[in-house]
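One-letter residues, chain by chain:
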Amino acid sequence: LSEGVYQYVLSEPAGVLGLETNFTGDVTANITLEKSIHQILATVNASVKGVFICDRCADEFTDEITTTFTMVYSWERTEETEEDDDFHILGHDDNVIDLSQSIKEYLMLAVPVKLLCKNNCEIPVHVAAEKHTVDPRWEKLQTLLRSEKN
């Protein structure tokens, strides 16, 4: 590549990237490569559909998972650069940058910890209405708590 900005839109089935669990359809990645004399800056916007189970109501739902990240590829190691997850040193003969593993990892990290089918999902009435029995060993603490409130 000569110096400049390059745009790519790539699509691959989720299973090909190793995203079999919960993910369906194609992973779409909008990639912008900014090539300068010493490095390539890759900005990736990726998305994929997933099928999940709601943590509150246990209904199955489909949601789109999206992520954006930036990777830096350089041919030279300088004293101020350290190799980390987002910075890579390329060999002088390297002419292919494989972003598939990074896309997979960032999409998996983009899945929310608390999966809700909708923002205002409520606990089902039959679950919320169940009366929970208190272990008799904790009854004295309940009494203490009630006395503190008064």
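Parameters and conventions
Residues numbered from 1 in each chain as written. Predicted model: local features only at pLDDT ≥ 70, side-chain atom pairs only at ≥ 80, totals over all residues. Heavy atoms only, no water. Helix = DSSP H or I, 4+ residues; strand = E, 2+ residues; numbered from the N terminus. Polar contact = N/O pair within 3.5 Å; in protein donor to acceptor, adjacent residues only side chain to side chain. Buried < 20%, exposed > 50% of the residue type's maximum accessible area, 1.4 Å probe, protein only. Contact = heavy atoms within 4.5 Å. Core = buried A, V, L, I, M, F, W, Y, C linked by side-chain atoms within 4.5 Å. Pairing = 2+ DSSP bridges. Axes fitted to C-alpha atoms, helices over the stretch in contact; angles between N-to-C directions. Phe/Tyr/Trp six-rings, centres within 6.5 Å; stacked < 30°, edge-to-face > 60°.

K.L.:
Could you give an account of the side chain of Ser 47, with specific residues and numbers?
P.N.:
With respect to the helices and strands, the residue Ser 47 is situated in strand β3 (residues 39–53). One polar contact links Ser 47 to Glu 64, side chain to side chain, over a distance of 3.3 Å.

K.L.:
Talk me through helix α1 (residues 100–109); I want residue IDs and the actual numbers.
P.N.:
Think of an α-helix as turning once every 3.6 residues; residues three or four places apart then point the same way. Turning to α1, its buried residues are Ser 102, Ile 103, Lys 104 and Leu 107. Tucked into the core, α1 has its buried residues touching β2 (23–35), β3 and β4 (60–74).

K.L.:
Hey, could you go over the nonpolar core for me, with residue numbers and the actual values?
P.N.:
Among the nonpolar cores identified, the biggest contains 27 residues, and Val 27, Val 44, Ile 103 and Leu 107 are the most heavily contacted of them. Secondary-structure elements contributing two or more residues to this core are β2, β3, β4 and α1. In contact with Val 27, other than residues within four places in its own chain, are Leu 10, Ser 11, Glu 12, Ala 14, Leu 17, Leu 19, Ser 47, Val 48, Ile 103 and Leu 107.

K.L.:
Account for the sheet that holds β2, naming residues and giving values.
P.N.:
If you walk across this open sheet you meet the five strands as β1-β2-β3-β4-β5, and the pairing is mixed. Since the sheet does not close on itself, it has two edges, and those belong to β1 (4–13) and β5 (87–89), each with one partner. Across the sheet, the mean angle separating the axes of adjacent strands is 20° when strand polarity is ignored. With 15 bridges joining them, β3 and β4 adopt antiparallel strand pairing. Bridge assignment links Ile 40 to a residue of β4, and that residue is Tyr 73. In this fold α1 packs onto β2, β3 and β4, with an angle of close to 135° to the strand it touches most, β4.

K.L.:
So, the packing of aromatic side chains: which residues are in play, and what are the values?
P.N.:
The tally for this structure, following the rule as stated, stands at three aromatic pairs. For the ring pair Phe 52 and Phe 61, a centre distance of 6.0 Å and an interplane angle of 45° mean the geometry is tilted. In this pair, the class of Phe 52 matches that of Phe 61, namely buried. Ring geometry for Phe 69 versus Tyr 106: centroids 4.1 Å apart, planes at 5°, classification stacked.

Honestly, that's just the spatial picture; any functional story needs more than this.
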